[in-house]
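# Per-entry structural report
The lines below spell out each chain.
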Amino acid sequence: MRNFRTLYKRELATLYYTPTSYVVMCVFLIVVGWLFWILVNYLNAPSKPLEANVFGYLFGGTFIYWMVVAAVTSALTMRLFSEEYRTGTIEMLMTTPVTDTQVVLSKFSAALTFLMLMWVPTLVYVYILGKFTTVDYGVVFAGYLGTFLLNCMLTSLGIMISSTNKSQFVSFFVTFIGILMLFSLNFMQDVVSNKWRVVYRYASVLEQFNPFTKGVISSQSVVYFLSITAFLLFCTVKSVESRKWR
Amino acid sequence: MIQVKELVKTYADLTAVDHISFNVEKGDIVGLLGPNGAGKTTTMKILTCFMPATSGVAKVAGHDVFKESLEVRRHIGYMPENVPLYPEMRVNEFLSYRGRLKGLKGQSLINRMNAVIDACELGQVRSRIIEQLSKGNRQRVGLADALIGDPDLLVLDEPTIGLDPNQVRKVRELIKEIGRDRTVILSTHILPEVEMVCEKVIIMYKGKIVAQDSMSNLRSGNKKRYCVEVKAPKAEVERALLDVKEAYEIRTSENEGWVRAEMLSRLPEENISEKIFLVLQKHSWPMRLLTTKMPTLEDIFVEMTTKH
Ligand SMILES: Nc1ncnc2c1ncn2[C@@H]1O[C@H](COP(=O)(O)OP(=O)(O)OP(=O)(O)O)[C@@H](O)[C@H]1O
Ligand SMILES: [Mg+2]
């Protein structure tokens, strides 16, 4: 546990000091701010009926949101292992008494922490909204919980891919495409045969994420996100170990 | 401290380490020598548990490097070949981080940090960012990192490259000092350094160990060389020396009209100086030197790693 804390602190500090992180954070806040503005405009138009699901706009209701999530996650996870491989620091790291699992979990947790910290400023939007209309805090909570689970899964995907190669760019690219493919499953289910539709539907991130934006916490979705996260982290540990057999 | 038996490491189709066996006792300072690509770094990576061997056994402090890897790593301070460091960290941040990973904390961490910063003369740069350090200073940070855990076994892969002569000397002193009660295994291409620092030498060549012995045994076990200097044309000296039947591997060099010839004798028990003298005397060339010398480590190294 001490090792984990030491490793985690360094990872978080590095994310904090890397210029990429700031670019990523800015882009993220600009896009989410823009979505919020659209949301406010929508609420201001009296002609439209007020739906329960206005928060869908903030949490995953738009295409740009998913693009940004994909890009942000890829950018923050790309260097976790690739950079250590490229510069050779992995050799220094792995010859101290730490286990591969500690290393993987600390990197994962640091990236996840950073991603979730980016969401903290958005609480201000919720607060502002609360001033003007009645906000269903159950829905807000579910939205944030869903976001957390989603980020767990995407971060574990990013770290897994980063652990397979020594180029940050390749890691970014593959993770980005991978995440977009996961999202696309939702649109693809209409064009595949009935037999496959069920599979696509279950595998689709959007399908699993949607209930959260409506304030529903479904155990099936929670299990979906957590089990995929655990599986991908397991793969990462194996991939880090595999350096020994190459 | 280290027991290695029949260790083999193959990369895809290349055998980098080929059935090597050696032992290192506690308190030894061992020099691991060999030409480029001999397998020194590979051997060190196996000893430090960075990668497992293809076959064979290696034990450090009684623990198997593969099966009890964590325990082995607690005993080792390792400085890898190109000294990889985290560029964005400050020197003292980095050392504190590394110290924690190696199990230090609180006051003992602070004490150890001060001690290694002192020993490696990093006081001036302790709060600088590693990225902005000179190569030599980065090298010292790597050394400080290897030392911080106060390890029983230090594994140093070419520790003095990139250092200035003063610093090289300091590092040698430091290694000697550590070697009093610790075990050190270091690789280097600077042979005089090995002669100064190491008590034991292992010479590797193409993945195999071609010589391993204590420094003194290695030198006395190898044949002494005869040296003679006369004033004469080089070609004629070479021709004349062919008359000394016992001499072989004759190497000549010329400097300001004086020709220096070095040779080995086929008769190790007998001194052939007299024969050399008598042969050269016939030509009545001025002679200013006729002597024997012990082989230097360089002589041994060249002999071991060029034939075969
Ligand atoms: N990761 C690797 N994959 C494939 N071959 C490798 C790898 N690392 C080293 N080798 C090969 O193994 C052999 C031994 O390499 P090693 O680095 O151990 O040599 P060395 O004795 O340290 O040489 P040097 O004095 O140049 O540092 C070399 O032929 C090298 O090309
Ligand atoms: Mg080497």
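As a reminder, the structure under discussion sits directly above these lines.
Described in the following lines is the structure provided in the data block. Values in this document were obtained by computation on a predicted structure and should not be read as measured data. (Residues numbered from 1 in each chain as written. Chains lettered and ligands numbered in written order. Predicted model: local features only at pLDDT ≥ 70, side-chain atom pairs only at ≥ 80, totals over all residues. Heavy atoms only, no water.)

### Digging into the overall build of chain A
Here is the rule: In this description a helix means any DSSP run of H or I spanning at least four residues, a strand means any run of E spanning at least two, and both kinds are numbered starting from the N terminus. Radius of gyration: over C-alpha atoms. The globule rule applied is 2.2 Å multiplied by the number of residues raised to the 0.38 power. When a residue's accessible area, from a 1.4 Å probe over protein chains only, is under 20% of the maximum for its type it is buried; when over 50% it is exposed; and in between it is partly exposed. Note on areas: Shrake-Rupley, 1.4 Å probe, and residue coverage restricted to the protein chains presented here. Asp and Glu count as negative and Lys and Arg as positive, but His and the ends of the chain are not part of the count. Lys charges are placed at NZ, Arg charges at CZ, Asp charges at CG and Glu charges at CD.
Helix and strand content of chain A: 12 helices and 0 strands. Helices and strands in chain A line up, N terminus first, as α-α-α-α-α-α-α-α-α-α-α-α. Taking 2.2 N^0.38 as the reference for a compact globule, 246 residues should give roughly 18 Å; the C-alpha atoms of chain A span a radius of gyration of 19 Å, in line with that estimate. Once the C-alpha set of chain A is aligned to its principal axes, its extents read approximately 65 × 45 × 30 Å. Here chain A, with 246 residues, has 53% of them falling under the buried criterion. Put simply, chain A shows about 11500 Å² of open surface, and 72% of that area lies on carbon and sulfur atoms. Taken as two groups, the 18 positive and 10 negative side-chain charges of chain A have centres that lie 3 Å from each other.

### Overview of the overall build of chain B
Formally: Working rule for contacts: check all heavy atoms of both residues, and any pair within 4.5 Å makes them a contact.
Each helix and strand in chain B was counted, giving 11 helices and 14 strands. Judged by the C-alpha coordinates and their principal axes, chain B covers about 80 × 45 × 35 Å. Across the 308 residues that make up chain B, the buried fraction comes to 52%. Summarising the internal contacts of chain B: among those between residues at least 6 apart in sequence, 68% fall at separations of at least 24. A total accessible area of about 14500 Å² is found for chain B, and carbon and sulfur atoms account for 48% of it. Side chains of chain B carry 45 positive and 42 negative charges; the gap between the two charge centres is 2 Å.

### Here's the deal with the coordination of the magnesium ion (ligand 2)
All names here are of chain B. Cut-off, in case you're wondering: Because water is not among the atoms used, a metal site may look incomplete, as its donors are only the N, O and S atoms within 2.8 Å, or 3.2 Å for Na, K and Ca.
Here the magnesium ion (ligand 2) is held by the protein donor atoms Thr41 (OG1) and Glu81 (OE), which lie 1.9 to 2.3 Å from it. With a gap of 40 residues between them, threonine 41 in helix H1 (residues 40-47) and glutamate 81 in the loop between strand S6 (76-79) and helix H3 (91-101) connect regions that are remote in the sequence. With a relative accessible area of 15%, threonine 41 lands in the buried category. You can call glutamate 81 partly exposed: its relative accessible area is 29%.

### As for the site of ligand 1
Residues and elements named next belong to chain B. The cut-off we apply is this: Proximity is defined per residue: if any heavy atom of the residue lies within 4 Å of a molecule or strand, that residue is considered near it. Any pair of N or O atoms that falls within 3.5 Å is considered a polar contact. Within protein, one atom must be able to donate a hydrogen and the other to accept it, and sequence-neighbouring residues count only if both atoms are side-chain atoms. Amino acids are sorted into nonpolar (Ala, Val, Leu, Ile, Met, Phe, Trp, Tyr, Cys and Pro), charged (Asp, Glu, Lys and Arg) and polar (every other residue, Gly among them).
Near ligand 1 you find 13 residues, and of these Gly37, Lys40, Thr41, Thr42 and Glu81 are the closest. The separation between a nitrogen atom of ligand 1 and a polar side-chain atom of tyrosine 11 is 3.4 Å. Between ligand 1 and threonine 42 there is a distance of 2.5 Å, counted from an oxygen atom to a side-chain nitrogen or oxygen. Relative to its unbound accessible area of 640 Å², ligand 1 is 62% covered by the protein chains. Sorting the residues of the shell around ligand 1 by element identifies strand S2 (14-24) and H1 as the ones contributing at least two each. Element by element, the count of residues in the shell around ligand 1 is highest for H1, at 3 residues. Among the residues forming the shell around ligand 1, the class breakdown is 4 nonpolar, 6 polar and 3 charged.

### Digging into the layout of surface pockets
Counted only if it meets this: Site definitions follow a grid-based scheme: protein atoms alone, a 1 Å grid, a 1.4 Å probe that fits but cannot get out for cavities, and for pockets an open set with protein on both sides within 12 Å along at least five of seven lines, plus lining residues having an atom within 4 Å of a point. Grid points are joined across faces, edges and corners, and a volume is the space filled by probe spheres set on the points.
In this structure, the largest pocket spans a volume of roughly 420 Å³. In terms of lining, the largest pocket is formed by 16 residues, of which the most central are Tyr85, Ile90, Lys166 and Arg243 of chain A together with Phe50 of chain B. Elements that contribute at least two residues to the lining of the largest pocket include exactly helix H4 (79-87) and helix H5 (89-94) of chain A together with strand S1 (2-11) of chain B. Class assignment of the residues belonging to the lining of the largest pocket gives a composition of 5 nonpolar, 3 polar and 8 charged. Its boundaries defined by the atoms lining it, the second largest pocket holds a volume of some 320 Å³. In this structure, the second largest pocket is lined by 18 residues; those nearest its centre are Thr14, Arg79 and Glu83 of chain A together with Pro87 and Glu88 of chain B. Listing elements by their share of the lining of the second largest pocket, those giving two or more residues are helix H1 (2-17), helix H2 (19-44) and H4 of chain A. Tallying contributions element by element places H4 of chain A first for the lining of the second largest pocket, with 6 residues. Among the residues forming the lining of the second largest pocket, the class breakdown is 5 nonpolar, 6 polar and 7 charged.

### Here's the deal with the sheet that holds S1 of chain B
Across a sheet, paired strands are connected by hydrogen bonds in the backbone, their directions being either parallel or antiparallel. All names here are of chain B. We count it as follows: Only when DSSP finds a minimum of two bridges between them are two strands counted as paired.
In space, the 4 strands of this open sheet follow the order S2-S1-S4-S5, with antiparallel pairing throughout. Two strands in the sheet have a free side with no partner beyond their single neighbour: S2 and strand S5 (63-64). Bridging between S1 and S2 involves 7 bridges; their strand directions are antiparallel. Within S2, the residue paired with isoleucine 2 across the bridge is valine 24.

### Focus: the side chain of threonine 175 of chain A
All names here are of chain A. Assignment of secondary structure puts threonine 175 in helix H9 (residues 168-188). When its relative accessible area of 0% is taken as the criterion, threonine 175 is described as buried. Among residues more than four places away in sequence, those in contact with threonine 175 are Ser74, Thr77, Leu157, Gly158 and Ile161.

### With respect to the sheet that holds strand S13 (residues 258-265) of chain B
Residue and element names in this part refer to chain B. This is how the line gets drawn: Angles shown run from 0 to 180 degrees and are taken between the N-to-C directions of axes, each axis being a line fitted to C-alpha atoms and, for helices, limited to the stretch in contact.
If you trace the 4 strands from one edge of the open sheet to the other, you get S12-S13-S11-S14, paired in antiparallel fashion. Looking along the sheet, the strands with just one partner apiece sit at the ends: strand S12 (247-255) and strand S14 (287-293). Ignoring which end each strand starts from, the neighbouring axes of this sheet average 15 degrees apart. Looking at chain direction, strand S11 (residues 225-231) and S14 are connected through 6 bridges and run antiparallel. Bridge pairing links cysteine 227 to threonine 291 in S14. Helix-sheet contacts for helix H9 (residues 234-241) involve S11, S12 and S13, and the interaxial angle to S12 is about 165 degrees.

### A look at the interface of chain B and chain A
Keep this limit in mind: Buried area counts how much accessible surface, traced with a 1.4 Å probe, disappears from two parts once they are put together, with both parts' losses summed. A pair is scored as a salt bridge if a Lys or Arg side-chain nitrogen falls within 4 Å of a carboxyl oxygen belonging to Asp or Glu.
Listed per partner, the contact involves 26 residues of chain B and 23 residues of chain A. For the pair chain B and chain A, the two sides together bury roughly 2500 Å², of which 62% comes from carbon and sulfur. Counting the surface chain B buries against chain A, the share from its top three residues, Phe50, Arg73 and Leu101 of chain B, is 27%. At the junction of chain B with chain A, the criterion picks out 1 salt bridge. Where arginine 10 of chain A meets glutamate 88 of chain B, a salt bridge forms, and the shortest distance between an N and an O atom there is 2.9 Å. Counting across the chain B and chain A interface gives 9 residue pairs in polar contact (both at pLDDT 80 or more).

### Things to note about unusual backbone geometry
Residues and elements named next belong to chain B. The phi angle at valine 83 is positive, at roughly 45 degrees, despite the residue not being glycine. Summarising the element assignment, valine 83 is placed in the loop between S6 and H3. With a relative accessible area of 9%, valine 83 lands in the buried category. Despite not being glycine, glutamate 121 has its phi angle at roughly 50 degrees, a positive value. Relative to the elements of secondary structure, glutamate 121 occurs in the loop between helix H4 (106-119) and helix H5 (135-148).

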